[in-house]
Amino acid sequence: MSGDSDCTRTSPSAGSPSDNELLPDRPKYVCSLSPDLVTKAREELQEKPEWRLRDVQALRDMVCKDYPSLGTCLDDAFLLRFLRARKFDYDRALQLLVNYHTCRRTWPEVFNNLKPSAIKPVLESGFVTVLPHRDPEGRHVVCIRPDRWTPSHYPITENIRAIYLTLEKLIQSEETQVNGIVILADYKGVSLSKASHFGPFVAKKVIGILQDGFPIRIKAVNIINEPRIFKGIFAIIKPFLKEKIANRFFLHGCDLNSLHQNIPPVILPEEYGGSAGKLDISAWNELLLASEEDFLRDFSQLVLPCDSSPHDMLVSGDADEKQCDDSLRGMKPQLYYCY
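In this report, the structure presented in the accompanying data block is examined.

Cut-off values and rules
Residues numbered from 1 in each chain as written. Predicted model: local features only at pLDDT ≥ 70, side-chain atom pairs only at ≥ 80, totals over all residues. Heavy atoms only, no water. Helix = DSSP H or I, 4+ residues; strand = E, 2+ residues; numbered from the N terminus. Buried < 20%, exposed > 50% of the residue type's maximum accessible area, 1.4 Å probe, protein only. Pairing = 2+ DSSP bridges. Axes fitted to C-alpha atoms, helices over the stretch in contact; angles between N-to-C directions.

1. Notes on unusual backbone geometry
Part 1: The backbone of lysine 87 sits at a positive phi, close to 50°, despite the residue not being glycine.
Part 2: Assignment of secondary structure puts lysine 87 in the loop between α4 (76–85) and α5 (90–105).
Part 3: Residue lysine 87 is classed as partly exposed on the basis of its relative accessible area, which comes to 41%.
Part 4: One non-glycine residue, asparagine 225, lies in positive phi territory at about 60°.
Part 5: Considering the arrangement of structural elements, one finds asparagine 225 in the loop between β4 (218–224) and α12 (230–237).

2. Focus: the sheet that holds strand β2 (residues 140–144)
Part 1: Pairing is mixed across the open sheet formed by five strands, whose spatial order is β1-β2-β3-β4-β5. Either end of the sheet is taken by a strand with one partner, and the two such strands are β1 (128–130) and β5 (249–251). The sheet shows a mean angle of 20° between the axes of neighbouring strands, direction not considered.

3. Things to note about the pairing of β4
Part 1: Where burial is concerned, most of β4 is hidden: six out of the seven residues are buried.
Part 2: Judged from the six bridges that link them, strand β3 (residues 181–186) and β4 form a sheet pairing that is parallel. Across the sheet, residue alanine 185 finds its bridge partner in β4, namely isoleucine 223.
Part 3: In terms of strand pairing, β4 meets β5 through three bridges, oriented parallel. The partner of valine 221 across the bridge, within β5, is phenylalanine 249.

From the geometry alone we can't say anything about function, so treat these as descriptive.
So this is what it looks like as structure tokens:
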């Protein structure tokens, strides 16, 4: 994700044979998709290889015309993430890109000093990791275990930072951009006191990022070992979920056979009735920590211009925040009832 973010240096209209000559410092895109994935991207994402760079240029032109102070990376590979996430709908891809930056600029507790070494305690706890094997659809499985978090050690925003960096690392792969990801969340041992940290304000922020502020396709969310308290948690989350995403939530309880219908045992660790050995978090932690310099370089380009305000690009207003505050007042009684 490197390259010039200055819109004044945008290349000419798509189709010009001299685009790359005029911008020698912008990395030339080279597709890494296999023939099967090229076909899948064409069928599912409306991505046509012969029009790919034209589409990227169209999005680049829209950014420079409508959001000249966005301060975003304009590399082909970076913009492609947003086009793929919105099935090459220019307007929706542009909105996603704007939302991506808005989220980063309006939640400093999460995005300031965001780098792997800063969230090392979260990684070492095993709160979030990625299973070593993809599922039959070629999707990575992100495993989240809230019981590994001790609230007295660090705030919940540290967990969100770790999840965000995990997604940033995964989305660098074109294979993941096309196939999407699957989430496996193990709520074993989550208590009322721990659940109360995940109030409507945090829920709205997280859902906003995952649904409308990050270029990744979440194909399924599998919840395992959820206690009764999860009914209260899900009641907080559901109003912020789009119907399509809500329909991708699968609550398995303690039924591993139900889980195995969605995620095959061959890629699951022993802890979830699988045959892939004990859950090992070290490989993913090492990969993420080794990417420190890459993250620092990439994120250095996503800097808010001095003549812009974060609120210039907000996609939700004060009314939404008030709704969250109102919901927060009624949250704990609801959680106690479910508990």
